[in-house]
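Residues per chain are reported as follows:
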Amino acid sequence: MLGSWFVAIASATGVSAASAWSALPLRLGDEHRSHAGSLPAFQIFHEMIKALDDMQDTYFQRWIGTWPEGIDWTRAVMSTHVAATLRTISDELKIPLPHEAAECALRKDDVISGYFADIIAYYFAEDAFAIRNEAYDDMLWVVLGWLESIRFVDERRTILSRKASRGLAGIPTAEAWYGSRWVPAFAHRARIFWELAAKGWDTELCGGGMIWNPRLMPYKNAITNQLFISASIGMYLNFPGDPNTSPFFGTSPDSGPHNSHRNAAWQPHDPVFARAAQEAHKWLASSNMSNPQGLYIDGFHISTNTTRCDSRDEMVYTYNQGVILSGLLGLFQATGLEHYLQEGHTLIGNVIRATGYSLARNAPVDDIRHFRGGQLPPWRGLGRAGVLEDACDVFGSCSQDAQTFKGIWMHHFATFCSPAALRFLHAPEGEGEGEGGGGLDGATTAEGIRARHAGKCRRYLPWLRHNARAAMGTRDGRGLFGMWWTAGLLRGLSSENMELAGDALPQSSEGEEGVVDYRNLGVPRDAVWMRNPIDLHPPVGEEPLSLPLPLPGQKPLSSSGGRHGSSRGSKSRAVREERGPSPGVEAGASTSDPNLRGRGRTVETQGGGLAVLRALWVVSRHEL
């Protein structure tokens, strides 16, 4: 405990990131370009760092090492955002500027180490024991978070080695940098939670796939399976091994579905992880989990007396289109098979089209100049006016879960389209070993693949800039980002003058046949979802049992405004009344700021703002 308290104090007294970079030439407007090339006319790098600064200074409590208003899985995502941003900052500053003195370089290293101390403090504050008893997707967010921290440490060590070789005075060597000492702890936690989550792989129902939650009726949803793909291939690529076999002493070697040696020390690049990722991807690709727009629906129930996934929940969320992207990239890195990248680009194109944006014209399909007086542009399937949205955004009814979703999409999109993304871990020879065959050959060279991938990623930049500008338009006087980015694009929009016309509302809304928005309105207490009949009919006068989910912890913040009164109509209100109060949404009067409705601005919405700015900066590197 003394160690975690010490690093928390060290972080609290560190240098402010915003001030550390304020003197550098990072104004990227037309009148003042830096080495960064053609970038948008605002200071994107500075704004990214400021978003990180604001997130940690406003929401992270260093004396307890966590974001107190978060819940277990959203905290894991916030830690992922911090580590990914530090990796981006560190990579951008790997070569000292010509005029830079050693003192300035050391100051920047202090800032990076200061925020990394926040990650270490969170390692001790993370409720690892509670998450062991939660859903399988909760466990997998933990795996992705610590793998991202390991990637940061590895890349930081490489950069420090290069700086030391140039003779820059005072720079610690890679071996001396304190971050290196934490890799075994991060790796052990990632391995433990991967093993726990792998128990959710099931072949009796639907021929395979991950079950979402062992305490509910069997439900195989997109997010848990995408997480398992991304986490498994991430373990294959980035896990450094783990000689610590605890806490599984005495466990039989064949007790895990994808693990044949739980008593033995794990080695780097264990093929168990790659096989698990490939098997999970093969199942997901054949699962019929896409809608006519080419977007992933939420998942499948299994009807009584059948083993088939035969009851679809047609609800569409942004994050269900995102996590798979890092998995597809990892599968490419492990096999060299270009079809994984092609699959990712197809999905990204479907998402952009569903926001109402035309890549051919580099503009929204609806002229936003006609929508500044309160009337909303039409809903296009996953957004409007070219801006990414979840269905709850327009109503201000997003739960803590949904407030995290768009940031997750942007994080995995940035991973997929990073210029450094196509480094091979093991360049395959001849035919690839994964499903689909056909590794690199004379006609399909690594350079050709890189060129095609980079060209497609550059095509997304106008849309990405459009979304970053919208997100930045939601910031309040403190610089904190809101949830509904579209409101930042349509200036003058307020909750009082919004015109919720029929074509402006999400067409797949709660209450329609086959659509259950359980991420915002809670899990229905019926036999389709709940395993225990006592949960369906509690004794008269007694409260219903708590759901075995993190949902009850999603309470409105005291600073939040109320939900906009008109909301979704009588059918959806009836659904809410049947389930009880919606977690994460507070009733009350409307407000002039649409982003003060519901839970208002939170660490999750700030994480989304940070993620879109980081995505823009990272993908913009393709223009150099």
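Before any of the text, the structure's been laid out above.
Residues numbered from 1 in each chain as written. Predicted model: local features only at pLDDT ≥ 70, side-chain atom pairs only at ≥ 80, totals over all residues. Heavy atoms only, no water.

A. Quick look at the nonpolar core. Within the largest apolar cluster, 173 residues are counted, with the highest numbers of intra-cluster contacts made by F116, W141, W194, M410, F413 and L464. Sorting elements by how many residues they give to this core places helix α7 (residues 136-165) first, with 13 residues. (Core = buried A, V, L, I, M, F, W, Y, C linked by side-chain atoms within 4.5 Å. Buried < 20%, exposed > 50% of the residue type's maximum accessible area, 1.4 Å probe, protein only. Helix = DSSP H or I, 4+ residues; strand = E, 2+ residues; numbered from the N terminus.)

B. Representation of the side chain of E134 in the model. In this structure, E134 sits in the loop between α6 (128-131) and α7. Put simply, E134 is tucked away with no salt bridge, and the nearest opposite charge, on R215, sits 7.5 Å away. Not counting residues up to four positions away in its chain, the partners in contact with E134 are D72, M139 and R215. (Lys, Arg positive; Asp, Glu negative; His and termini not counted. Salt bridge = Lys/Arg side-chain N within 4 Å of Asp/Glu carboxyl O. Contact = heavy atoms within 4.5 Å.)

C. Quick look at the packing of helix α15 (residues 461-472) against helix α19 (residues 603-620). It is at 9 Å that the axes of α15 and α19 come closest, and there the two elements cross at 150°. Accordingly, the angle class assigned to the pair α15 and α19 is roughly antiparallel. Pair α15 / α19 crosses with left-handed handedness. Between α15, through L461, L464, R465, N467, A468, A471 and M472, and α19, the contact on the second element is made entirely by V612, L613, A615, L616, V619 and S620. Here the residues of the contact of α15 with α19 are counted per class, giving 10 nonpolar, 2 polar and 1 charged. (Axes fitted to C-alpha atoms, helices over the stretch in contact; angles between N-to-C directions. Parallel < 35°, antiparallel > 145°, perpendicular 65-115°, else oblique. Left-handed = near helix turned anticlockwise from the far one by under 90°. Nonpolar A, V, L, I, M, F, W, Y, C, P; charged D, E, K, R; others polar.)

D. Spatial organisation of the packing of aromatic side chains. Across all of its chains, the model carries 37 aromatic pairs by this definition. Over the face of the ring belonging to W485 we find K406, whose NZ or CZ atom lies 5.1 Å from the ring centre. (Phe/Tyr/Trp six-rings, centres within 6.5 Å; stacked < 30°, edge-to-face > 60°. Lys NZ or Arg CZ within 6 Å of the ring centre and 35° of its normal.)

E. Fine view of the sheet that holds strand β3 (residues 309-313). Strand order in the open sheet made by the 3 strands is β1-β2-β3, with antiparallel pairing throughout. Every interior strand has two partners, whereas the edge strands, β1 (219-221) and β3, have only one. Each neighbouring strand pair of the sheet contributes to a mean axis angle of 30°, computed without reference to strand direction. With 3 bridges connecting them, β1 and strand β2 (residues 299-302) associate as antiparallel partners. Across the sheet, N221 pairs through a bridge with G299, a residue of β2. Running over the sheet, helix α9 (residues 222-238) touches β1 and β2 and is turned about 60° from β1. (Pairing = 2+ DSSP bridges.)

F. Up close: the pairing of β3. In this sheet, β3 lies alongside β2 in antiparallel orientation, the contact comprising 4 bridges. If you follow G299 over to β3, its bridge partner there is D313.

G. Spatial organisation of the state of the cysteines. All told, the structure shown has 3 disulfides when counted by the stated rule. The disulfide partner of C206 is C309, and the gap between their sulfur atoms is 1.9 Å. An S-S torsion of about 95° defines the bridge between C206 and C309 as right-handed. Linking C206 in the loop between α8 (183-198) and β1 with C309 in strand β3, this pair joins segments that are 103 residues apart in sequence. Side by side, C206 and C309 carry an identical accessibility label, which is buried. Each sulfur in the disulfide pair C392 and C398 lies 2.0 Å from the other. Every disulfide takes its handedness from the sign of the S-S torsion; for C392 and C398 that torsion is 100°, giving right-handed. Overall, C392 belongs to the buried group, its relative accessible area being 1%. Judged by relative accessible area, C398 falls into the buried class, the value being 5%. (Disulfide = S-S within 2.5 Å.)

H. Structural context of the packing of helix α4 (residues 72-92) against helix α13 (residues 405-417). Between α4 and α13, whose axes approach to 11 Å, the crossing angle comes to 35°. Crossing of α4 over α13 shows left-handed handedness. From α4, W73, V77, T80, H81 and A84 reach across to α13, where they touch F405, G407, I408 and H411. Considering only residue class, the contact of α4 with α13 consists of 5 nonpolar, 4 polar and no charged.

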